[in-house]
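# Architecture at a glance
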Amino acid sequence: MRLRTHAAFETLVRAYSADLYRFAFWLSRDHAVAEDIVQETFSRVWKAWHQLRDENVVKAWLFTIARNEFNRLFQRKRVQADEDIDDHLELAATHHDPADQLAMRQAVASLPLTYREPLLMQVLGGLSCSEIAAALDLSEGAVMTRLTRARQALRKLWESGTPDTKAYELP
């Protein structure tokens with residue numbers, strides 16, 4: 001198959017759009033955003049069509065572009081939210097209001113050990129995902145998932161405005 005033709009591109013779109021959509025939806029959890037990510041992925045592929053050298057890596061290329069597009073769209077939001085949580089954790093660990101320290105400690109303590117351990121290793125220990133993965137004998141993907149879930153749980157506690165961690169259910 002010659003990859004540089006319009007018909008070949010249309011075949012590629014039909015073959016992979018459903019898989020890309022599922023992947024984008026898994027990342028974004030939003031149908032409209034997933035559709036936008038897939039659209040932008042194929043737009044970028046069309047613009048870079050001439051750069052494709054190996055037909056055997058098309059699927060990996062598509063998924064990489066989709067993941068990068070998701071990161072491009074949501075990186076600013078996630079970084080700001082994660083910085084807020086990290087700031088709370090660091091501030092509670094170092095100084096400030098004893099009530100804030102207590103609330104933070106209770107919130108972190110309410111996390112299951114599988115979420116609490118990697119979060120504290122990253123925020124307080126400064127370890128990278130690969131270092132945490134090695135320390136806990138996990139894959140990097142598992143560490144990233146646990147870190148995300150820990151932050152989501154803490155964010156939900158803070159947004160609810162209640163330090164009563166017993167009322168919270170983890171995702």
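Computed from a predicted structure; not experimentally measured.

Assigned secondary structure in the chain consists of seven helices and zero strands. Listing the helices and strands of the chain from first to last along the sequence gives α-α-α-α-α-α-α. Excluding contacts between residues fewer than 6 apart, the proportion of contacts in the chain whose partners are at least 24 apart in sequence is 58%. Summed over its atoms, the accessible surface of the chain is roughly 10900 Å², and 52% of this surface lies on carbon and sulfur atoms.

A few words on the nonpolar core. When a protein is soluble and globular, its nonpolar side chains tend to lie buried together. Ranked by size, the top nonpolar core spans 18 residues in total, and within it Phe9, Leu12, Leu20, Ile37, Phe42, Val45 and Leu62 carry the most contacts. Taken together, the elements giving at least two residues each to this core come down to helix H1 (6-28), helix H2 (31-47) and helix H3 (58-94). Dropping the residues within four chain positions of it, Phe9 is found in contact with Phe42, Val45, Trp46 and Trp49. Core analysis: the next-biggest nonpolar cluster, separate from the first, contains 17 residues, Met121, Val143, Ala150 and Leu157 among them.

What follows covers the packing of aromatic side chains. A complete count under the given rule lists four aromatic pairs for this structure. Where Tyr21 meets Phe25, the ring centres are 6.3 Å apart and the plane angle is 20°; that geometry is what we call stacked. Of this pair, Tyr21 and Phe25 both sit in helix H1, four residues apart, roughly one helical turn. One aromatic cluster in this structure is built from Phe9, Phe42, Trp46 and Trp49.

Attention shifts here to the pattern of salt bridges. Within the structure shown, the criterion is met by five salt bridges. The partner of Glu69 in a salt bridge is Arg44, with the nearest N and O atoms 3.0 Å apart. Here Glu69 is found in helix H3, whereas its partner Arg44 is found in helix H2, with 25 residues between them in sequence. Classification of Glu69 as buried rests on a relative accessible area of 3%. Judged by its relative accessible area of 34%, Arg44 falls in the partly exposed class.

We now examine H1. Where H1 bends most, the angle comes to about 45°, and this point is Tyr16. Looking only at H1, the buried set comprises Ala8, Phe9, Leu12, Leu20, Ala24 and Ser28. Arg29 sits one or two residues past H1 and shows a positive phi near 60°.

Summing up the model confidence of the chain, the mean pLDDT is 76 and the portion of residues at 70 or higher is 74%. Between residues 163-171, whose pLDDT stays under 50, and residues either more than four places distant or in other chains, the model counts 16 contacts.

Moving on to helix H6 (residues 129-136). Taken residue by residue, H6 has Cys129, Ile132 and Ala133 as its buried positions. Buried positions in H6, seen along its axis, are confined to an arc of 100° and lie on one side of it. The exposed residues of H6 that point more than 90 degrees off its buried face are Ala134 and Ala135. Of the surrounding elements, those touching the buried residues of H6 are helix H5 (113-123) and helix H7 (140-160). Backbone geometry just downstream of H6 places Asp137 in the positive-phi region, at approximately 55°.

Definitions and limits used
- For every chain, the first residue of the written sequence is number 1, and numbering continues from 1 onward in sequence order.
- Where totals are concerned, whole chains, interfaces and linings use all residues; where local detail is concerned, this predicted model gives features only for residues with pLDDT of at least 70, and gives and counts side-chain atom pairs only at 80 or more.
- Heavy atoms throughout the structure, all of them, feed into the side-chain values; hydrogens and water do not.
- Secondary structure elements are taken from DSSP: a helix is a run of H or I of four residues or more, a strand is a run of E of two residues or more, and numbering for both begins at the N terminus.
- The contact criterion used throughout is that any non-hydrogen atoms of two residues lie within 4.5 Å.
- Surface accessibility follows the Shrake-Rupley procedure with a 1.4 Å probe radius. Residue values consider only the protein chains on display as shielding.
- Put simply, buried Ala, Val, Leu, Ile, Met, Phe, Trp, Tyr and Cys residues joined by side-chain atoms within 4.5 Å make one nonpolar core.
- Partly exposed describes any residue whose relative accessible area lies between the buried limit of under 20% and the exposed limit of over 50%, with all areas from a 1.4 Å probe on protein chains only and scaled to the type maximum.
- A pair of Phe, Tyr and Trp rings is counted when the ring centres sit within 6.5 Å of each other, with Trp represented by its six-membered ring. The angle between the planes then sorts it: under 30 degrees is stacked, over 60 is edge-to-face, the rest tilted.
- The salt bridge criterion pairs a side-chain nitrogen of Lys or Arg with a carboxyl oxygen of Asp or Glu, the two atoms within 4 Å.
- To get the bend at any residue, fit one axis to the seven residues that end at it and another to the seven that begin at it, then take the angle between the two axes.
- Summary of the metric used: pLDDT quantifies the predictor's per-residue confidence within the range 0 to 100.
- By arc we mean the arc of the directions from the helix axis to the C-beta atoms, nothing more.

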